[in-house]
Amino acid sequence: VVPSGYKLVFAEEFGGSALDRGHWCTRYGWGGGDKPQVADAQCTWLDAGGLDFLNDEQQRYVDVNREGRSLHEVSGGTLRLVATRTRANDVDAPYESAMIRSKQAFRPDAKTSLYLTARMKLPDVRGSWPAFWLIADRKADGTSVWPPEIDIMEGALNEVEETSNMVHM
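Sequence positions are assigned chain by chain, starting from 1 and proceeding in written order. Per-residue local features of the predicted model are confined to residues with pLDDT of at least 70, and side-chain atom pairs are confined, for both listing and counting, to 80 or more; whole-chain, interface and lining totals are unaffected and use all residues. Hydrogens and waters are ignored; side-chain quantities use all the structure's heavy atoms.

K.L.:
Can you tell me about the pattern of salt bridges, naming the residues and giving the values?
P.N.:
One speaks of a salt bridge when a side-chain nitrogen belonging to Lys or Arg is within 4 Å of a carboxyl oxygen belonging to Asp or Glu. Using the criterion set out here, one finds 7 salt bridges in the structure. Put simply, Arg119 and Glu13 hold a salt bridge, and the shortest N to O gap is 3.4 Å. Placement of the pair is Arg119 in the loop between β7 (101-102) and β8 (131-135) and Glu13 in the segment before β1 (24-25), with a sequence separation of 106 residues. The buried label goes to any residue with under 20% of its type's maximum accessible area, the exposed label to any with over 50%, and the partly exposed label to all in between, with areas taken from a 1.4 Å probe on protein chains only. Look at Arg119 and you get exposed, because its relative accessible area is 74%. The residue Arg69 makes a salt bridge to Glu73 at a minimum N-O spacing of 2.8 Å. Judged by relative accessible area, which is 26%, Glu73 ranks as partly exposed. Where helices and strands are cited, they refer to DSSP runs of H or I of at least four residues and of E of at least two residues respectively, numbered from the N terminus.

K.L.:
Break down a nonpolar patch on the surface for me, citing the residues and quoting the values.
P.N.:
Nonpolar side chains collect at one region of the surface, where Val9, Phe106, Leu114, Leu116, Leu134 and Ile150 lie side by side and expose about 490 Å² of accessible area between them. Its place among the elements puts Val9 in the segment before β1. Note that patches include only residues with greater than 30% relative accessible area and no salt bridge, and the join distances are 9 Å for like charges and 5 Å for nonpolar side chains (Val, Leu, Ile, Met, Phe, Trp, Tyr). The accessible surface values rely on the Shrake-Rupley method and a 1.4 Å probe; as for residues, cover is taken only from the protein chains in view.

K.L.:
Lay out the packing of aromatic side chains with the relevant residues and their values.
P.N.:
Stacked, tilted and edge-to-face pairs are distinguished by plane angle, under 30 degrees for stacked and over 60 for edge-to-face with tilted covering the rest, among Phe, Tyr and Trp rings (Trp via its six-membered ring) whose centres lie within 6.5 Å. One pass over the full model with this rule turns up 5 aromatic pairs. For the ring pair Phe10 and Trp24, a centre distance of 5.7 Å and an interplane angle of 80° mean the geometry is edge-to-face. Of this pair, Phe10 sits in the segment before β1 while Trp24 sits in strand β1, and the two are 14 residues apart along the sequence. Ring plane angle 75° and centroid distance 5.6 Å describe the contact between Tyr28 and Tyr61, whose orientation is recorded as edge-to-face. One end of the pair, Tyr28, is in the loop between β1 and β2 (59-61); the other, Tyr61, is in strand β2, and 33 residues separate them in sequence. For the pair formed by Tyr28 and Tyr61, the shared burial category is buried.

Here it is, written out as structure tokens:
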């Protein structure tokens, strides 16, 4: 549904049987971490790679886990982001998981407003932290924008940081 006065500029219904790499990157845009499994110049900054974790996360973002399973499952118009405990020998990050971020940058200005919508089913798994963020792009000189994100929704389930306002409106 496109509200009156708005124009649709991006839509993803997850058709087909694989993630559309024309629309999505599968790691953060900042440099660091292991080399991405799927090379894509649009998903990296100055050949720095795509960061495969942030802060103290106990997983690494990958496309395919160590057992060979794709962690971005597309079927029936649904994208399923999978997490697996497949790095048992890594005490800092025993999990591998999926994430996506749009290749397209959306920049409102004084004459343009944005309308965003998403349908999500959150996992009921202790330790998970699903989120829907707007993340700032880099400035033209390559420096980061701060703050780096606007949290639309976070659904922490770790019995430590979840709060009554984790789902934002």
